[in-house]
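Observations on the three-dimensional arrangement
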Amino acid sequence: MAMNITFQIGALAGTPIQAAESITSASTGSDSSAAAAAAAWKTPIPSIRCKIIKPEMIEQKSQPTSPCRSPILSGSNGIRPDLSVACRAFATDTLEFMTLDESKAAEEEKMYKEGKTEKEKGVPVYVMMPLDSVTMGNTLNRKKAMNASLQALKSAGVEGLMVDVWWGLVERDAPGVYNWGGYTELLEMAKRHGLKVQAVMSFHQCGGNVGDSCTIPLPKWAVEEIDKDQDLAYTDQWGRRNYEYISLGCDTLPVLKGRTPVQCYSDFMRAFRDNFKHLLGDTIVEIQVGMGPAGELRYPSYPEQNGTWRFPGIGAFQCYDKYMLSSLKAAAEAAGKPEWGSTGPTDAGEYNNWPEDTQFFRKEGGGWTSPYGEFFLAWYSQMLLDHGERILSSAKATFENIGVKISVKIAGIHWHYGTRSHAPELTAGYYNTRFRDGYLPIARMLARHGAIFNFTCIEMRDHEQPQDALCAPEKLVRQVALATREAGIPLAGENALPRYDEYAHEQILQASSLNIDGSSDDKEMCAFTYLRMNPHLFQPDNWRRFVAFVKKMKEGKSADRCWEEVEREAEHFVHVSRPLVQEAAVALMH
């Protein structure tokens, strides 16, 4: 007997969710096609005038223990078996209940935001898939639950999915031998449901950072080479090696069984293009190119594995492998200061220090303002920019003229942003201080390759963060928005924490509107990616708020309707579709 929907959704994160009541059959007069659910959005409702009154209550806050730690959510509020939170029939393996009206789907189909005309409004919402959507055996994980969930996401008006395509899975066993099995299943499933895909070329290890629900190492043949030459791994001043991502210091050296790391990344992207060329530009609309740990263009300066770093520590420079030190030495000699080339700063403290604990980062007379400090930080950040240039050049050549966008993710390092030195940004490779804009050079580098600037922490508000750490995510987002506007490139966003509350949704709506200087122009973020699909998202209250959020994002900044009206539509939509979802759930049980 097949599992019911409750357990399928719970299986997405490997966590069964207990049903609160038994499933009952749908009423005999209910609709029997998913088109009824889609039509629910079209159902006329009375014109509503409403006044928004914010409740006098304590707002839900992000957990202050980490920049990317999920709030602890109660597991007692399980999903009801009728799954009123879903908005369309969940599909069986034979797709018996997936009778989506194709003409209606075609009408609702939208081009990727950057392909829209200037008159079209709204920010399309994508949803990140579970990290382990594809198994270590290269098969699609939890196939039936995945199918049901994609159907629900599509019914909610979601534009598409973000999928990590792991280098460590696809090219795991031997250089140049690619196994796309699980990804073929997943991408074809997305196409069946009319969902677009942002494919992430994930050249980093999964595991070791908060939010990593599984472990996927780099390809074993690459790890073998790192074991032989540990300087291929990023290294701090105390000799700790980091296996999350191969050091950019050896980008152009043939250290991986005769190929350079950049050649390996290039070959992987070409193989992806050739294998999925029939989906590129239609289903696959964006390629996000992994550039470092967590897929972000940065150094692994704040590794949480083994408790090395804890929020809000300043992190540590990662330039002590022999390849990085060789580059530093050459740069110092070229600057006429060979004595600067033997090591990085020795007075920059440790991972969990605060700026004023160190001589290098302190606001008064800190080494970061000295001639040596300026030289080192310029070299360190330029190495990161050069790394981005090399990989983007390859990505642009690989995916040019086939209808896909290219994007790069930049980390939202918002802690100690209110200090002069911005120490955590500096150790990560972003030369951003009170006196220097570190994001404009990144934006201009992306602009040279026509890439999208994808930025995190969009849902955060300044007052939710620890005030003693001078966190300022809103100010940081504004700085990045200004940099992308000056560079003339699109800005996309992600939330750093899984958040389901209206306060986070409102902050995302505000940030995505790009009203950074009170202007009333038509500019908006080109896309927003919601972190992440999991059982909590499908809980009734969370799902209702999410459906309303997606609706509001799609309406864009010109919409003048209030939250209450949109949420009332969402509730009506969920209510109308409930019998249909019950019918599908009962069928899946048998």
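The rules behind the values
- Residues numbered from 1 in each chain as written.
- Predicted model: local features only at pLDDT ≥ 70, side-chain atom pairs only at ≥ 80, totals over all residues.
- Heavy atoms only, no water.
- Salt bridge = Lys/Arg side-chain N within 4 Å of Asp/Glu carboxyl O.
- Buried < 20%, exposed > 50% of the residue type's maximum accessible area, 1.4 Å probe, protein only.
- Helix = DSSP H or I, 4+ residues; strand = E, 2+ residues; numbered from the N terminus.
- Contact = heavy atoms within 4.5 Å.
- UniProt positions renumbered as here; feature names shortened; annotations may be inferred.
- 1 Å grid on protein atoms, 1.4 Å probe; cavity = no way out; pocket = protein on both sides within 12 Å on 5 of 7 lines; lining within 4 Å.
- Pairing = 2+ DSSP bridges.
- Right-handed = clockwise from strand over helix to strand, strands pointing away.
- Axes fitted to C-alpha atoms, helices over the stretch in contact; angles between N-to-C directions.
- Parallel < 35°, antiparallel > 145°, perpendicular 65-115°, else oblique.
- Left-handed = near helix turned anticlockwise from the far one by under 90°.
- Nonpolar A, V, L, I, M, F, W, Y, C, P; charged D, E, K, R; others polar.
- Expected span 1.5 Å × (residues − 1).

What follows deals with the pattern of salt bridges. A pair can form between side chains of opposite charge whenever their charged atoms are brought close. On inspection of all chains with the given rule, the structure shows 25 salt bridges. One salt bridge in this structure joins Arg 240 and Asp 236, with 3.3 Å as the shortest N-O distance. Overall, the relative accessible area of 1% leaves Asp 236 in the buried class. Measuring nitrogen to oxygen at the nearest pair gives 3.0 Å for the salt bridge that ties Asp 251 to Arg 390. Here Arg 390 lies in helix α10 (residues 371–399) and Asp 251 lies in the loop between β5 (241–246) and α8 (261–275), a separation of 139 residues in the sequence.

Another point: the environment of Ser 394. Looking at where Ser 394 falls in the secondary structure, it is placed in helix α10. The spatial distance from the C-alpha of Ser 394 to the C-alpha of Tyr 265 is 8.5 Å, given a sequence separation of 129 residues. Filtering out sequence-adjacent residues up to four positions away, Ser 394 remains in contact with Ser 266 and Met 269.

Attention now moves to the UniProt feature "binding site: substrate" (unreviewed entry) in the chain. As annotated by UniProt and renumbered to match this structure, "binding site: substrate" (unreviewed entry) occupies Asp 164, His 204, Asp 212, Lys 409, His 414, Thr 456, Asn 495, Ala 496 and Arg 532. When the annotated set is filtered for residues lining the second largest cavity, what remains is Asp 164. In this structure Lys 409 touches Met 128, Gln 288, Ala 294, Gly 295, Glu 296, Leu 297, Asn 454, Thr 456 and Glu 494, once residues within four positions along its chain are discounted.

Alternating residues of strand β8 (residues 452–455) divide into Ile 452 and Asn 454 and Phe 453 and Phe 455, and every residue in both groups is buried. Two strands pair when backbone bridges link them, and strand β7 (residues 405–410) and β8 are joined in this way by four bridges, in the parallel orientation. Counted as the bridge partner of Lys 409 is Asn 454 from β8. Bridge count for β8 against strand β9 (residues 491–494) is three bridges, and the pairing is parallel. Each residue of the ladder has a partner; that of Phe 453, found in β9, is Leu 491. As for the winding sense of the linkage, the β-α-β connection from β8 through helix α13 (residues 473–487) to β9 is right-handed.

Let us now look at the packing of α10 against helix α12 (residues 440–448). Viewed as axis vectors pointing N to C, α10 and α12 meet at an angle of 20°, and their least axial separation amounts to 9 Å. With respect to α12, the axis of α10 lies roughly parallel. Where α10 crosses over α12, the handedness of that crossing is right-handed. Counted together, Leu 385, Gly 388, Glu 389, Leu 392 and Lys 396 of α10 and Pro 441, Ile 442, Met 445, Leu 446 and Arg 448 of α12 form the full contact between these two elements. For the contact of α10 with α12, a count of residues per class yields six nonpolar, one polar and three charged.

What follows covers α10. Side chains three or four residues apart in an α-helix point the same way, a direct result of the helix having 3.6 residues per turn. For α10, built from 29 residues, the straight-helix expectation of 42 Å at 1.5 Å per residue is met to within 8% by its first-to-last C-alpha distance of 42 Å. Asn 401, located one to two residues past α10, shows a positive phi value of around 60°.

Moving on: the UniProt feature "active site" (unreviewed entry) in the chain. If you check UniProt for "active site" (unreviewed entry), the listed places come out as Glu 296 and Glu 494 in our numbering. The annotated residues occupy 199 residues of the chain but converge on a single region, no pair of C-alpha atoms lying more than 12.3 Å apart. Within the secondary structure, Glu 296 is located in the loop between β6 (284–289) and α9 (322–334). Looking at where Glu 494 falls in the secondary structure, it is placed in strand β9. By relative accessible area, which is 2% here, Glu 494 ends up buried. Apart from residues lying up to four places away in sequence, Glu 494 is in contact with Met 128, Met 162, Gln 288, Lys 409, Asn 454, Phe 455, Thr 456, Cys 457, Ile 458, Glu 459, Phe 528 and Thr 529.

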